[in-house]
Amino acid sequence: MHRITGKTGGDSLIEMSPTDSFNDNINGYDQHAQDPSSTGSIQQGQSPIDKQQHSKDSVFFRDGVRMIDFVLSYVDDKDGERKQERRRLYEANLVNVGLELETEDKSESDDGKTFFLKIHAPWEVLATYADVLKVKVPFKANDIPDNSDTPMNWLSTPFRLPEHIMHPQPDYFTAPFDKSKSDFFLIDNKDTFFSPSTRNRILYYILSRCSYFRDECGEKDKKGIKRLLNNGTYTAAFPLHDCRYWSRSKDVNCESDRYNLHKHWARFFCFFKEQPLNLIRKYYGEKIGIYFAWLGFYTEMLLFAAIVGSMCFIYGLFTYDDNDWSKEICSEKVGGNIVMCPLCDKKCGYWKLNTTCNSSWQSHLFDNVGTVFFAIFMGIWVTLFLEFWKRRQARLEYEWDLVDFEEEQQQLQLRPEYESKCTNRKLNRITQETEWVLRRTATDLMGRLLLCWATVTLWISLIIACIIGVIAYRLAVYAAFASIMKDSATSHLQVVGPYITPQLATSVTASCINFVIIMILNLMYERVAVWITDMEIPKTHLEYENKLTVKMFLFQFVNYYSSCFYVAFFKGKFVGFPGDYEYMFGSKLRNEECDPGGCLIELTTQLVIVMTGKQVWGNIQEALVPWLMNWWGSRNARNHPESLYSRWEQDHDLQSFGQLGLFYEYLEMVIQFGFITLFVASFPLAPLLALINNIIEVRVDAWKLTTQFRRPVAAKAHSIGAWQEILNGMAVLSVVTNAFIVAFTSDMIPRLVYMYAYQPDGEMNMKGYIDNSLSVFNISAFLLANKPDDGESPSWFNSSITTCRYRDYRYPPGHEKEYSVTMQFWHILAAKLAFIIIVEHVVFLVKFFVAWMIPDVPSDVRARVKRERYLVQEYLHNYEVEKLKIQLSQNGHSDCTCTPMIYPSIPKHEVLSECL
């Protein structure tokens, strides 16, 4: 027998290896070893349970009958008298509520230090709080025929999972549970009527509101398991996994959902299979189920964007040889004879245009006609994605009994932290009942809001300062790279040597530094965002998550996208011209110019590094780091083969998923969504990279949730919350950003204007475009501060060269409007603005038309919701009638013809009929 052990109260240890074996009894214990009626805790002096009678897979009390719904762990401290008193009062109040407790002595734990308090909720407690929480339960089998069969359905067979995995429970019509009408519902077995996720949700509701103070003290804020965890009274609180993930439970009554999830969902080789969403919902609750449903749907939709993006990239490859402007750049007759002006002061020399041959060809892969088409396509794709997700979400709301959830549950989702601060009572206009409210003065409210948003603004300003620092790095280092590489210092490097230019070296190193800064700022800001959100004391869990979502997303938006916005819309736009350059904030650092191949290729480089780096780093954080921590923590696990490693000890040694665990998963995906929508015109392969990442992400998230984390407390959610509005906002913004990228960052518009209006031969080709797009400057007019130092210019440069060229549309020296912009500049600007206006209006018109055409709720779902509401009223009406008849017959008044006062359902039934 082997065990795994580690740090007391830690969150970093892994479960026992699948190769270890035990002889398990049916319900986890020898059922003849104890009196089934025994309850309570192991007290001092009581003989411990024989370890060999235990099973490490037990999810029951010692009687082998009562299921463990929740587990609390704690360690006795030397100076822990106050903690002992808190535990005594808290556990006494739990017993008063009706919960049943059983303690495992520290001598029975694998480390010899940790006590485990096992909690069971009997039927009366579950029924009472199911009534309070309005838990929906079945009352009739669904009689609406399933017409989901589609033609050629057999093609999807390889992607399907077994029926018992996809639909672990029959389909029923449901209604909110009413304890007084328990015989109205389909209750076959009280022990299994409420699913495990519902049971642990009810338990956590009780634990979060149970106090640990004496009635005479009246310290109202001393309540809730969260405070007890924060002050160290308990070290952990969690529901149990139902079995080991690598093998089924030996208990015939256990459904081994964890094993099924790991086998059919959490393995990477199941990546092409559908997700068992109903089983996820059953085991982890609706909130986690909604996340995986959204992630799966997003990944499916990415497939279409990835295909179109790949086709645009392939188009760039196939038109590689038709690229006239790149041929001119690479030509010795054209590009080899054009001398370009220095790109920085002093340390940069003159250079020939044909040195940018490679970057010009690379730029064509992304800067072509296909880019415009793909930008428009993505504007429509994002609308289809959001509209079809609304339909998918509406279907899940109905199937998972979440219809009207928000209205019914809003009050019941009050945060214990809010309730503990309430001092006044106020009449609720809707329920006409008094309720506790938090007393907030205008000064207090304004002070908290000011502090909150001042902190957010401060951190956003810090990001902007870091970005300015990276820009300064670009300007300073470019001159150094240019000086080092002037004699082709990288040419001796095989394969990559010819492609390394000062521009590329500067862009890549600056992007890497920017990525490191992003990661560091993220780690620091997360704690600040949680702290300031706690200070606001939000009323409900939904309000808390929405406030935190807004703060975190604003910060992450600036943090991740600011560098891309700089390259796309600011770099190379404010450089001036030779003899009158612009400088950064009046310093000696000259504003950056675009790469000779255009700024689009630099934006592509920036996007690839930040997006790919974030995805790789995210997967390392999510998978490798927990695995390494668990592996390291279990290094001494095989030193005590005689010890039992029980189910609650295995789960205790796993990592805690945390209240905000799902929040960070959403945040990661929404940031990725921004990369593939806001800047997709610069990199059509971004959806393909996102698709590959998400295929891995689904299985990594499933694997870590199933194997590396304790079972999270189940929670209900009817949607993805505030993320829906954020996605809508980003969808609108993406149309604008992509239109501006095509117009101002790429060279698409200048090339089209040249071909249609300025081609000297009147032909529809790009011959002569390079010469047309470069202006001329007289070298003798250079200021001393701008001239290259002696020895910086290449050996071929001599005094016979009197002019140099630069990217702009200005009149040449000697012209009456010398160095002022030409009419072609204004024509190109007008064309760019016209393109933006036309594209935005066309895409927005299509978006709104598509959104109007696609109903948010499918018609069959709407019909099912109406039928369920009708049946609830009809069955309740019939139930009350039958109950009344029985009551009257028992009282001997069966011949009474008067209308009884306890006939409440008739008017409701009539009203419902009129509504339908």
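Just so it is clear, the model here is predicted, and its values are computed rather than measured. (Residues numbered from 1 in each chain as written. Predicted model: local features only at pLDDT ≥ 70, side-chain atom pairs only at ≥ 80, totals over all residues. Heavy atoms only, no water.)

**Q** Explain the sheet that holds strand β1 (residues 70-75) residue by residue, including any values.
**A** Read across the sheet, four strands follow the order β2-β3-β1-β6 without closing on themselves; strand pairing throughout is antiparallel. With one partner strand each, in any of the chains shown, β2 (100-104) and β6 (236-238) form the two edges of the open sheet. In this sheet, adjacent strand axes meet at a mean angle of 20° when their direction is disregarded. With five bridges connecting them, β2 and strand β3 (residues 114-120) associate as antiparallel partners. (Pairing = 2+ DSSP bridges. Helix = DSSP H or I, 4+ residues; strand = E, 2+ residues; numbered from the N terminus. Axes fitted to C-alpha atoms, helices over the stretch in contact; angles between N-to-C directions.)

**Q** Tell me what's going on with empty space enclosed by the protein, and back it up with residues and numbers.
**A** Counting across every chain of the model gives twelve cavities of 30 Å³ or more. The space that makes up the second largest cavity amounts to roughly 90 Å³. Around the second largest cavity, the lining comprises twelve residues; the ones closest to its centre are Met340, Leu343, Trp351, Glu593 and Arg807. Each residue belonging to the lining of the second largest cavity can be placed in one class, and the counts come to nine nonpolar, no polar and three charged. (1 Å grid on protein atoms, 1.4 Å probe; cavity = no way out; pocket = protein on both sides within 12 Å on 5 of 7 lines; lining within 4 Å. Points joined across faces, edges and corners; volume = space filled by probe spheres on them. Nonpolar A, V, L, I, M, F, W, Y, C, P; charged D, E, K, R; others polar.)

**Q** Quick one: what's the story with the packing of aromatic side chains, residue by residue and with numbers?
**A** Overall, the coordinates contain 63 aromatic pairs when judged by the stated rule. A centroid spacing of 6.1 Å and a plane angle of 20° characterise the contact between Phe374 and Phe377, whose relative ring orientation is stacked. Here the residue Phe374 and the residue Phe377 both occupy positions in helix α12 (residues 369-399), the gap between them amounting to three residues, near one helical turn. When its relative accessible area of 0% is taken as the criterion, Phe374 is described as buried. The ring of Tyr581 has Arg590 sitting right over it, with the charged end atom 3.5 Å from the ring centre. Sitting over the face of the ring of Trp325, Arg751 holds its NZ or CZ atom 4.1 Å from the ring centroid. (Phe/Tyr/Trp six-rings, centres within 6.5 Å; stacked < 30°, edge-to-face > 60°. Buried < 20%, exposed > 50% of the residue type's maximum accessible area, 1.4 Å probe, protein only. Lys NZ or Arg CZ within 6 Å of the ring centre and 35° of its normal.)

**Q** How would you summarise the side chain of Asp701 if you had to cite specific residues and measurements?
**A** Tracing the sequence through the fold places Asp701 in helix α21 (residues 686-708). Residue class for Asp701 comes out buried when judged on its relative accessible area of 2%.

**Q** Help me get a handle on the state of the cysteines, residues and values and all.
**A** Within the structure shown, the criterion is met by three disulfides. The disulfide that involves Cys330 links it to Cys357, with 1.8 Å between the sulfurs. The disulfide joining Cys330 to Cys357 has a torsion of about 95° about its S-S bond and is therefore right-handed. Of this pair, Cys330 sits in helix α10 (residues 324-330) while Cys357 sits in helix α11 (residues 357-366), placing them 27 residues apart in sequence. Disulfide pairing is shown between Cys344 and Cys348; the S-S distance is 1.7 Å. Looking along the S-S bond of the Cys344-Cys348 disulfide, the torsion reads about 95°, which is the right-handed sense. The class for Cys344 is buried, based on a relative accessible area of 7%. (Disulfide = S-S within 2.5 Å.)

**Q** Any details on the pattern of salt bridges? Residues and values, ideally.
**A** Scanning the model with the defined rule gives 33 salt bridges in all. Glu286 is the salt-bridge partner of Arg281, the closest N and O atoms lying 3.0 Å from each other. Looking at Arg281, the relative accessible area reads 16%, which means it is buried. In this structure Glu286 comes out as buried when scored by relative accessible area, which is 9%. In this structure, Lys390 and Glu387 form a salt bridge, with 3.4 Å as the shortest nitrogen-oxygen distance. Of the two residues, Lys390 and Glu387 are both situated in helix α12; the distance of three residues between them amounts to about one turn of the helix. The network of salt bridges with common partners includes Arg62, Glu102, Glu104 and Lys118. (Salt bridge = Lys/Arg side-chain N within 4 Å of Asp/Glu carboxyl O.)

**Q** Pulling in residues and values, what's your account of unusual backbone geometry?
**A** Despite not being glycine, Ser256 shows a phi value in the positive range, around 55°. Here Ser256 is to be found in the loop between β6 and α7 (257-264). Since its relative accessible area comes to 2%, Ser256 is described here as buried. Here the phi dihedral of Tyr819 falls at roughly 65°; this positive angle occurs in a residue that is not glycine. With respect to the helices, strands and loops of the structure, Tyr819 is situated in the loop between β14 (803-807) and α25 (823-853). With relative accessibility at 11%, the residue Tyr819 sits in the buried group.

**Q** Before we move on, can you summarise the packing of helix α17 (residues 541-569) against helix α22 (residues 722-745) with the specific residues and values?
**A** Closest axis-to-axis distance for the α17/α22 pair is 13 Å, and the angle between their directions is 10°. It follows that α17 is roughly parallel to α22 by the angle criterion. Counted together, Asn546, Thr549, Phe553, Phe557, Tyr561, Phe565, Ala568 and Phe569 of α17 and Ala722, Trp723, Ile726, Met730, Leu733, Thr737, Phe740, Ile741 and Thr745 of α22 form the full contact between these two elements. Of the residues belonging to the contact of α17 with α22, the class tally is 13 nonpolar, four polar and no charged. (Parallel < 35°, antiparallel > 145°, perpendicular 65-115°, else oblique. Contact = heavy atoms within 4.5 Å.)

**Q** So what's going on with the packing of helix α20 (residues 661-678) against α22? Which residues, and what values?
**A** For the pair α20 and α22, interaxial distance at closest approach is 8 Å and the crossing angle is 20°. Classified by the angle between their axes, α20 and α22 sit roughly parallel to one another. As for how α20 packs across α22, the hand of that crossing is right-handed. For the pair α20 and α22, contact is made by Phe663, Tyr666, Leu667, Val670, Phe673, Gly674, Thr677 and Leu678 and by Trp723, Ile726, Leu727, Met730, Leu733, Ser734, Thr737, Asn738 and Ile741, respectively. Looking at the contact of α20 with α22 residue by residue, the classes come out as twelve nonpolar, five polar and no charged. (Left-handed = near helix turned anticlockwise from the far one by under 90°.)

**Q** Talk me through the pairing of β1; I want residue IDs and the actual numbers.
**A** Most of β1 sits inside the fold, with six of its six residues counted as buried. The alternating pattern of β1 places Phe70, Leu72 and Tyr74 on one face and Val71, Ser73 and Val75 on the opposite face, and all of these are buried. The pairing of β1 with β3 spans six bridges and is antiparallel. Looking at the pairing, Tyr74 lines up with Phe115 of β3. Note that β1 and β6 share three bridges and pair antiparallel. Bridged to Leu72 within β6 is Ala237.

**Q** Report on the nonpolar core, specifying residues and quantitative values.
**A** Counting 142 residues, the largest nonpolar core has Trp294, Tyr298, Trp381, Phe385, Tyr561, Phe675 and Trp723 as the members making the most contacts within it. With 16 residues, helix α9 (residues 286-318) is the single largest residue contributor to this core. For Trp294, the residues in contact, after removing those within four places along its chain, are Phe385, Trp389, Tyr666, Met669, Ile720 and Leu727. Membership of the second largest hydrophobic core comes to 45 residues, among which are Tyr74, Leu99, Leu133 and Tyr398. (Core = buried A, V, L, I, M, F, W, Y, C linked by side-chain atoms within 4.5 Å.)

**Q** Outline the confidence of the model for the protein, supporting the account with residue identities and numerical values.
**A** Averaged over the protein, the pLDDT score is 79; the fraction of residues at 70 or greater is 83%. Per-element mean pLDDT across the protein ranges from 33 in helix α27 (residues 905-915) up to 93 in α9. The low-confidence segment residues 489-496, where pLDDT is below 50, has six contacts with residues more than four positions distant or belonging to other chains. Note on residues 896-916: pLDDT under 50 across the span, and 19 contacts to partners over four residues away in sequence or across chains. (pLDDT = per-residue confidence, 0-100.)

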